[in-house]
Every structure is written in structure tokens, then in C-alpha cells.
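Fold and geometry: a report
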Amino acid sequence: MLQALIDSGIIVAFYNVNDKHHAKAVQFYDAFPGQLITTVGCVTEVMYLLWPDVKSQNVFMNHLVRRFYVCEHLHPEDFARIAELNSQYADLPGDFADLALVSISERLNIAEIVTLDKDFDIYRRYRNQPFNRIFRP
């Protein structure tokens, strides 16, 4: 099964009908045949960014329950890698959710990412391999 990491921005666009990327996000979701993987950092961002729309927040939560997304747990070595990446990309600056996605991309060996964030054009997996952005609005 095709697996791809998914970042917060496109998730928010999917649930927020007023987001400028909403229609393209819906088209992507309708066409994507695989499993979308995120982290608790992204889940936290999505909940914050969807507030005060509790209905959309709960639809998102129910999608997590039904495994529409897989929320990958972070391991101790992921936190060590996030600290390394935080130093490496200090000039961006990288946020926790983005750097957690970079870390799990290495651990799970997944190069595909669904994101609105242009920083993923700069981030490198294993310090030299680019991400394969499978969604560009």
C-alpha cells in the first residue's frame, strides 16, 4: 500500500471550507489511494488551527479514530533526531511538527509527503535525500 506523510496545513485545508486550498485538498483526498501518516505534533496544530470550529475538530478526531490517518508515535530516537534537525535548520526555523515528520520519514523510510509547506523543498531526509512532494497547490 502506498504510504505518505501528511502535514498540518493540508489537513486544515481539507476540513476548513474557507481555506484557499480547500477544493484542491478535497480533490487530493478523493484521488489518493494509500495511507496518510502524521504525528501528534501535526494533530495538535490541526486542532489549534481549526478552533473554534468544534464540529470540524471532531470530524478530524473521528477520522483519526477510523484510521483515515495513522498517527505515528514518536520514539526516544526521534526526539534526538528532532534536536539534530532543529540545530541543522535553525535558520528556517523548523517547527516541532515539521521536524517530527522529517524524523519519522527517515525511520519509516517514507519519502512521500503531502504538504503546503515550502520548507519541505529544503528539508532533506538522511541529510541528502529530498522529499517527494505529492501535492502542490
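Check the entry above for the structure.
Residues numbered from 1 in each chain as written. Predicted model: local features only at pLDDT ≥ 70, side-chain atom pairs only at ≥ 80, totals over all residues. Heavy atoms only, no water.

**Some points on the pairing of strand S2 (residues 35-39)**
- Where burial is concerned, most of S2 is hidden: five out of the five residues are buried.
- Burial of the side chains of S2 extends over both faces: Gln35, Ile37 and Thr39 are buried on one face and Leu36 and Thr38 on the other.
- Examined bridge by bridge, strand S1 (residues 3-6) and S2 share three bridges and lie parallel to one another. Residue pairing in the sheet places Gln3 in a bridge with Gln35 of S2.
- Here four bridges tie S2 to strand S3 (residues 69-72), and the two strands are oriented parallel to one another. When the sheet's bridge partners are listed, Thr38 is paired in S3 with Cys71. (Buried < 20%, exposed > 50% of the residue type's maximum accessible area, 1.4 Å probe, protein only. Helix = DSSP H or I, 4+ residues; strand = E, 2+ residues; numbered from the N terminus. Pairing = 2+ DSSP bridges.)

**Concerning helix H1 (residues 8-15)**
- The element H1 is extensively covered by neighbouring structure, given that seven of its eight residues are classed as buried.
- When we look at burial in H1, the residues that qualify are Ser8, Ile10, Ile11, Val12, Ala13, Phe14 and Tyr15.

**Comments concerning the nonpolar core**
- By size, the foremost hydrophobic cluster in this structure holds 21 residues, and its most contacted members are Tyr29, Leu36, Phe60 and Tyr69.
- Ranked by the residues each element gives to this core, the list is headed by H1, at six residues.
- Contacts of Tyr69, omitting those with residues within four sequence positions, involve Ile6, Ile11, Phe14, Tyr15, Tyr29, Gln35, Leu36, Thr38, Phe60, His63 and Leu64.
- Judged by nonpolar contacts, the second largest core, of 19 residues, contains Leu85, Tyr89, Phe120 and Tyr123. (Core = buried A, V, L, I, M, F, W, Y, C linked by side-chain atoms within 4.5 Å. Contact = heavy atoms within 4.5 Å.)

Just distances and angles here, no functional claims.
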